[in-house]
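# Summary of structural features
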Amino acid sequence: MSTPDRRLTNKTAIITGASSGIGRATALLFARHGCNLICSDIREDARPDRPEATPLTTVAECISLGARAIFVKADTSSAAEVEALIAAAVSGFGRLDIMVNNAGVAYDGADPQPIWEYPDEHWDHTIAVNLKGVFLGCKFAAKQMVGQEPGASGDRGWIVNMASVLGIGGTPNSASYVASKHGVLGLTKTVAWDCAPHRIHVNAVCPGYTATSMTAAFWDNKDVRARLDGMHPFRGLGTPEDIARAVLFLASEEASWITGVGLPVDGGYSSM
Ligand code: NAD
């Protein structure tokens, strides 16, 4: 087993949605743990409204931390692009140990609508990225992992899907996001069964509200911010690094007997 401070030495990981927020924090943490990285997104630069202070792209910062890292552009809702993403990892690094299906979109913070007004295009795009994107990431990553030799621990791979506390419970005016994240948890459970005989771990993380571009729409509204802070009994909103540490755990040999779970990382939100 690798040492706790370099837990992913000689492992290769793909992280989707890696240019900002939780995906970026996960890539940087994996880089510190010795992982080779394929950072993927629909654009290499982070969103202009991102809270991150550094001007470096995720890949540039991973390389500055001593990791081998490349950027591969891929829209996770496209089967052809996700298949090519897995192929790029294998041609660059020889195998794929870890797939983090993190890319996601949310319309409901900026444009909350009850079901009778809910825009079809918000539904279609959210389900395409948040649910079909995770399905495609699981499908093509598992296809590669099933065919590769197991590592020293006996495991062939680790898949971590980004769900949400809104995959566990509901909230008003959020039909597509809540449905997509409930779908991610269901998908995680069934894919875990398919993959278990091949020693591939498949788990999900369920973040509470976390300070990223996705929630930046709330920052300026003090009342909304205070209400959301109050829904997280431990320490208010999370940071991307809080979530990245849980992804690292589920993507490592430390999670030796864990598969098919949705781990809340939410300051207690889902215990209410
Ligand atoms: P973010 O907006 O900072 O990052 C999302 C990234 O996904 C962006 O870099 C974006 O370019 C990328 N992306 C969007 N569509 C894509 C596509 N079709 N293909 C590839 N990449 C695409 O937001 P974040 O908060 O870091 O979100 C990361 C994940 O965490 C999402 O799945 C989100 O639903 C989930 N999540 C976020 C929160 C939160 O409060 N921020 C809470 C629970 C779950």
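This text gives an overview of the structure that appears in the document. Source: prediction; values computed, not measured.

### Some points on unusual backbone geometry
You will see that Arg199, though not glycine, has its phi angle at about 55 degrees, which is positive. Look at Arg199 and you get partly exposed, because its relative accessible area is 38%. Positive phi, close to 75 degrees, is recorded for Arg235, a residue that is not glycine.

### Considering the environment of Phe249
Among the secondary structure elements, Phe249 is positioned in helix α8 (residues 240–250). Distance in space between the C-alpha atoms of Phe249 and Ala88 is 25 Å, their sequence separation being 161 residues. If sequence neighbours within four positions are ignored, Phe249 has contacts with Arg7, Glu254, Ala255 and Ile258.

### Quick look at the sheet that holds strand β1 (residues 12–16)
In sheet architecture, strand pairing relies on hydrogen bonds along the backbone and comes in two forms, parallel and antiparallel. The 7 strands are arranged β3-β2-β1-β4-β5-β6-β7 in an open sheet whose pairing can be described as parallel. Sheet topology places β3 (69–73) and β7 (262–265) at the edges, where each strand pairs with a single neighbour. Ignoring strand direction, the axes of neighbouring strands in this sheet form an average angle of 20 degrees. Where β1 and strand β2 (residues 36–41) come together, 5 bridges link them in parallel fashion. From the neighbouring strand, Thr16 faces β2, where its bridge partner is Ser40.

### Examining helix α5 (residues 175–195)
A rise of 1.5 Å per residue sets the reference length of α5, with its 21 residues, at 30 Å; its end C-alpha atoms lie 30 Å apart and thus fit the reference within 8%. Along α5, the residues that are buried comprise Ser176, Tyr177, Val178, Ser180, Lys181, Val184, Leu185, Leu187, Thr188, Val191, Ala192 and Cys195.

### Topic: the pattern of salt bridges
Within the structure shown, the criterion is met by 7 salt bridges. In this structure, the salt-bridge partner of Arg95 is Asp97, at a minimum N-O distance of 2.9 Å. Looking at Arg95, the relative accessible area reads 22%, which means it is partly exposed. Among the residues examined, Asp97 registers a relative accessible area of 5% and is labelled buried. Notably, a salt bridge pairs Arg199 with Asp155, separated by 3.2 Å at the nearest N-O pair. Pair noted here: Arg199 is in the loop between α5 and β6 (200–207) and Asp155 is in the loop between α4 (120–146) and β5 (157–162), with a separation of 44 residues, a long-range link.

How each quantity is defined
Every chain's residues receive numbers from 1 upward, in the order its sequence appears when written. A pLDDT threshold of at least 70 governs which residues receive local features in this predicted model, and a stricter bar of 80 or more applies before side-chain atom pairs are shown or counted, although totals over entire chains, interfaces and linings include all residues. Calculated side-chain values reflect all of the structure's heavy atoms, with hydrogen atoms and water omitted. Buried residues are those whose accessible area, probed at 1.4 Å on protein chains only, stays under 20% of the maximum for their type, while exposed residues exceed 50% and partly exposed ones sit between those limits. Only DSSP runs of H or I with at least four residues qualify as helices, and only runs of E with at least two residues qualify as strands; both kinds are numbered from the N terminus onward. Two residues form a contact once any of their heavy atoms are found within 4.5 Å. Pairing between strands is defined by DSSP: at least two bridges between the two strands are required. An axis is simply a line fitted to the C-alpha atoms; with a helix, the fit covers only the stretch in contact. Between two such axes, the angle follows the N-to-C directions and lies from 0 to 180 degrees. Expected helix span is given by 1.5 Å per residue-to-residue step, counting one fewer step than there are residues. By definition here, a salt bridge exists when the distance from a side-chain nitrogen of Lys or Arg to a carboxyl oxygen of Asp or Glu is within 4 Å.

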